[in-house]
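# Structural characterization, general
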Amino acid sequence: MVMTTAEKSRRYREKNPERYRESLRRWGNKNWYCECGMEMKNQYRTHHLRTQKHEDRMEMLRLKEEIESLKQV
């Protein structure tokens, strides 16, 4: 019987819990820079992309670009 990738991952995590936690900590502690200009830890990335704050900042950036393009015309 062939194991799926999810099953393989689950078994690996069960056999090597310390190693798996280490890799999660390393990944989570890396800094990530959003296109809206914010800097945060990688572990908060998906939550940040869904927030209203992110949407507001992206809207402000879009409006600034629009104004600059109108000034050039």
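The preceding data block contains the structure.
Since the structure is predicted, the reported quantities are computational estimates derived from the model, not experimental observations.

### Concerning the nonpolar core
Listed in full, the five residues of the largest apolar core are Trp 32, Cys 34, Cys 36, Met 38 and Met 40. Apart from residues no more than four positions distant in its own chain, Trp 32 is found in contact with Met 38, Glu 39, Met 40, Asn 42, Arg 45, His 48 and Leu 49.

### Section: the environment of Asn 31
Residue position: Asn 31 is located in strand β1 (residues 31-33). Between the C-alpha atoms of Asn 31 and Lys 41, which are ten residues apart in sequence, the distance is 4.5 Å. In this view, Asn 31 contacts Glu 39, Met 40 and Lys 41; residues no more than four positions away in its chain are not counted. Only 2.9 Å separates the side chain of Asn 31 from the side chain of Glu 39, close enough to count as a polar contact.

### A short note on the pattern of salt bridges
Summed over all chains, the structure comprises three salt bridges. Between Arg 62 and Glu 66 there is a salt bridge, with its nearest N and O atoms 2.7 Å apart. Of the two residues, Arg 62 and Glu 66 are both situated in helix α4 (residues 52-72); the distance of four residues between them amounts to about one turn of the helix. A residue is classified by how much of its surface remains accessible, and Glu 66, at 40% relative accessible area, is partly exposed. Put simply, Glu 59, Arg 62 and Glu 66 are held in one network by salt bridges that share partners.

### With respect to the side chain of His 54
By the element assignment, His 54 lies in helix α4. For His 54, a relative accessible area of 5% puts it in the buried group. Not counting chain neighbours up to four residues away, the residues in contact with His 54 comprise Cys 34, Glu 35, Cys 36, His 48 and Leu 49.

### Thoughts on the packing of helix α1 (residues 5-15) against helix α2 (residues 17-28)
Two quantities define a packed helix pair, namely the angle between the helix axes and the distance between the axes. The N-to-C vectors of α1 and α2 enclose an angle of 105°; their axes lie 5 Å apart at closest approach. By the angle between their axes, α1 is roughly perpendicular relative to α2. Of α2, the residues touching α1 (which contributes Tyr 12, Arg 13, Glu 14 and Lys 15) are Pro 17, Arg 19 and Tyr 20. Along the lines of polarity and charge, the residues of the contact of α1 with α2 split into three nonpolar, no polar and four charged.

Reading the values: rules and limits
- Residues numbered from 1 in each chain as written.
- Predicted model: local features only at pLDDT ≥ 70, side-chain atom pairs only at ≥ 80, totals over all residues.
- Heavy atoms only, no water.
- Core = buried A, V, L, I, M, F, W, Y, C linked by side-chain atoms within 4.5 Å.
- Buried < 20%, exposed > 50% of the residue type's maximum accessible area, 1.4 Å probe, protein only.
- Contact = heavy atoms within 4.5 Å.
- Helix = DSSP H or I, 4+ residues; strand = E, 2+ residues; numbered from the N terminus.
- Polar contact = N/O pair within 3.5 Å; in protein donor to acceptor, adjacent residues only side chain to side chain.
- Salt bridge = Lys/Arg side-chain N within 4 Å of Asp/Glu carboxyl O.
- Axes fitted to C-alpha atoms, helices over the stretch in contact; angles between N-to-C directions.
- Parallel < 35°, antiparallel > 145°, perpendicular 65-115°, else oblique.
- Nonpolar A, V, L, I, M, F, W, Y, C, P; charged D, E, K, R; others polar.

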